[in-house]
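Residue-level structural notes
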Amino acid sequence: MNSMYFHMFAKKRCKYCTKAKKLLDERNLAYVITHMDKAPEALKELKEHCSWKTVPIIFEVLGEQQSLVGGFTDLEVYLNGEAKEKEGRGEGTDNVVEG
């Protein structure tokens, strides 16, 4: 039997990434986070592949299948069972302030 979990690509200082993590914790849902702070080129390629502009980028994973959920707001909608059209714009932030 395949278990479902979420895979979130995030940045450490992203408030929407933090909100998504909190939401998954509150719902007791399994997830993994890949922080992309030190891999800007890989993040750029992922964004292009997904037609997504910001972080977090969240996938639902079931066995070998992955489907793009979207960002934090999309995750909320998805978990509440509401239908929403993905526009590939996201609502997170790439403006990470170092230091």
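A brief report on the enclosed structure follows. (Residues numbered from 1 in each chain as written. Predicted model: local features only at pLDDT ≥ 70, side-chain atom pairs only at ≥ 80, totals over all residues. Heavy atoms only, no water.)

1. Some details on helix 2 (residues 40-50)
How we decide: Each residue gets one of three labels from its accessible area relative to the maximum for its type: buried under 20%, exposed over 50%, partly exposed in between, using a 1.4 Å probe on protein chains only. A helix here means a DSSP run of H or I that spans at least four residues, while a strand means a run of E at least two residues long, and both kinds are numbered starting from the N terminus. Here, the arc refers to the directions that run from the helix axis to the C-beta atoms.
Taken together, the buried positions of helix 2 are Leu43, Leu46, Lys47 and Cys50. All buried residues of helix 2 project into a common sector of 100° when viewed along the axis, lining one side. Turned more than 90 degrees away from the buried face of helix 2 sit Glu41, Glu45, Glu48 and His49, all of them exposed. Ser51 occupies a position one or two residues after helix 2 and carries a positive phi of about 55°.

2. Re the pairing of strand 4 (residues 65-70)
Note the following rule: One requirement defines pairing of two strands: DSSP has to find at least two bridges between them.
Of the pairings in the sheet, the one linking strand 3 (residues 57-62) to strand 4 comprises five bridges and is antiparallel in character. Within the sheet, the bridge partner assigned to Leu62 lies in strand 4 and is Gln65. What sits between strand 3 and strand 4 in their antiparallel hairpin is a turn of two residues, with Gly63 showing a positive phi close to 65°.

3. Focus on the pattern of salt bridges
Stated formally: Salt bridges are defined by distance alone: a side-chain nitrogen of Lys or Arg within 4 Å of a carboxyl oxygen of Asp or Glu.
In total, this model carries two salt bridges according to the counting rule given. Where Lys21 meets Asp25, a salt bridge forms, and the shortest distance between an N and an O atom there is 3.1 Å. Taken together, the residues span about one helical turn, with Lys21 and Asp25 both in helix 1 (residues 15-26) at a distance of four residues. Since its relative accessible area comes to 37%, Asp25 is described here as partly exposed.

Treat this as a map of the structure, not an account of what it does.
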